[in-house]
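# Overview (structure and organization)
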Amino acid sequence: MALEITDANFEETVLKSDKPVVVDFWAAWCGPCRMVGPIIDEISTEYEGKAIVGKVDVDANQEFAAKYGVRNIPTVLVFQGGEVVGRQVGVAPKKAYSDAIDGLL
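For the protein chain, an unreviewed UniProt entry supplies the name Thioredoxin and the organism Winogradskyella marina. One UniProt comment on the protein chain, placed under Sequence similarities (unreviewed entry), says "Belongs to the thioredoxin family."

What follows deals with the pairing of strand β5 (residues 83–89). A regular strand places its side chains on the two faces of the sheet in alternate fashion. Sheet topology places strand β4 (residues 75–80) next to β5; 6 bridges connect them, and they run antiparallel. Residue Thr75 lies in a different strand from β5, and its bridge partner there is Val89. Between β4 and β5, which follow one another and run antiparallel, lie 2 residues, and Gly81 among them has a positive phi close to 60°.

This part covers the sheet that holds β5. Strand pairing in a sheet takes place through backbone hydrogen bonds and is either antiparallel or parallel in direction. Pairing is mixed across the open sheet formed by 5 strands, whose spatial order is β1-β3-β2-β4-β5. The open sheet is flanked by β1 (3–4) and β5, the only strands paired with a single partner. Taken together, the 2 bridges between β1 and strand β3 (residues 52–57) define a ladder with parallel strand orientation. What sits directly across from Glu4, in β3, is Lys55. The strands touched by helix α2 (residues 31–46) within the sheet are β2 (21–26), β3 and β4, with β3 carrying the most contacts at an inclination of about 155°.

To continue, consider the side chain of Asp41. Residue placement: Asp41 occurs in helix α2. Classification of Asp41 as buried rests on a relative accessible area of 17%. Setting aside residues no more than four positions away along its own chain, Asp41 makes contact with Met1, Ala2 and Lys55.

When the terminal C-alpha atoms of α2 are compared, their 24 Å separation across 16 residues agrees well with the 22 Å that a helix rising 1.5 Å per residue should span. What α2 keeps buried is the set Cys33, Val36, Gly37, Ile39, Ile40, Asp41, Ile43 and Ser44. Summarising the contacts, the buried residues of α2 are in contact with β2, β3, β4 and α4 (94–102).

Formed by 18 residues in total, the largest nonpolar core has its most connected members in Phe10, Val14, Leu15, Val23, Phe25, Tyr68 and Phe79. When neighbours within four sequence positions are excluded, Val14 is seen to be in contact with Ile5, Asn9, Val21, Val23 and Phe79. Core analysis: the second largest hydrophobic core is formed by 14 residues, Ala2, Tyr47, Ala51 and Tyr97 among them.

This structure, assessed with the given rule, holds 5 salt bridges. Between Lys94 and Glu42 there is a salt bridge whose closest N-O contact spans 2.8 Å. Of the two residues, Lys94 is situated in helix α4 and Glu42 in helix α2; the sequence distance between them amounts to 52 residues. According to the relative accessible area criterion, Lys94 is partly exposed, its value standing at 25%. Salt-bridge contacts for Lys94 lead to Glu46; the nearest nitrogen and oxygen are separated by 2.4 Å. Taken together, the residues span a long stretch of sequence, with Lys94 in helix α4 and Glu46 in helix α2 at a distance of 48 residues. A single network of salt bridges, built from pairs that share partners, joins Glu42, Glu46 and Lys94.

About the criteria used
Residues numbered from 1 in each chain as written. Predicted model: local features only at pLDDT ≥ 70, side-chain atom pairs only at ≥ 80, totals over all residues. Heavy atoms only, no water. UniProt positions renumbered as here; feature names shortened; annotations may be inferred. Pairing = 2+ DSSP bridges. Helix = DSSP H or I, 4+ residues; strand = E, 2+ residues; numbered from the N terminus. Contact = heavy atoms within 4.5 Å. Axes fitted to C-alpha atoms, helices over the stretch in contact; angles between N-to-C directions. Buried < 20%, exposed > 50% of the residue type's maximum accessible area, 1.4 Å probe, protein only. Expected span 1.5 Å × (residues − 1). Core = buried A, V, L, I, M, F, W, Y, C linked by side-chain atoms within 4.5 Å. Salt bridge = Lys/Arg side-chain N within 4 Å of Asp/Glu carboxyl O.

Okay, here's the thing in C-alpha cells:
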C-alpha cells in the first residue's frame, strides 16, 4: 500500500528523503485517479526499500498541491533530493512510473 502523505508530513517524507519519492496527487471523486491508485499501490510494494511511494488527497491537503502547480488530477510527481524531476499528468501505464523510478536508482 502506498504511504499516506499529508501537508503535515510532506516535507519530512518527500523533501528530506534520501531515496526517490513518487507522489500521486488524487481525490476520491476522481475517476482517472481510481485507475492510477492500484498501479501506485503495486509500485509501492515492488520498490519497497528502494523508493518512497505515496499519495496526497488534494481535497484534504492543498498546500503542496498548490505549491507544485497541481491543477489536474491525477498528477504524479517524482522527487529526487527534494526537487521535482518528473511529472505525469493523467493516467499512464505502470511502465511510465517504473521507468521514472528506475532512472533514479
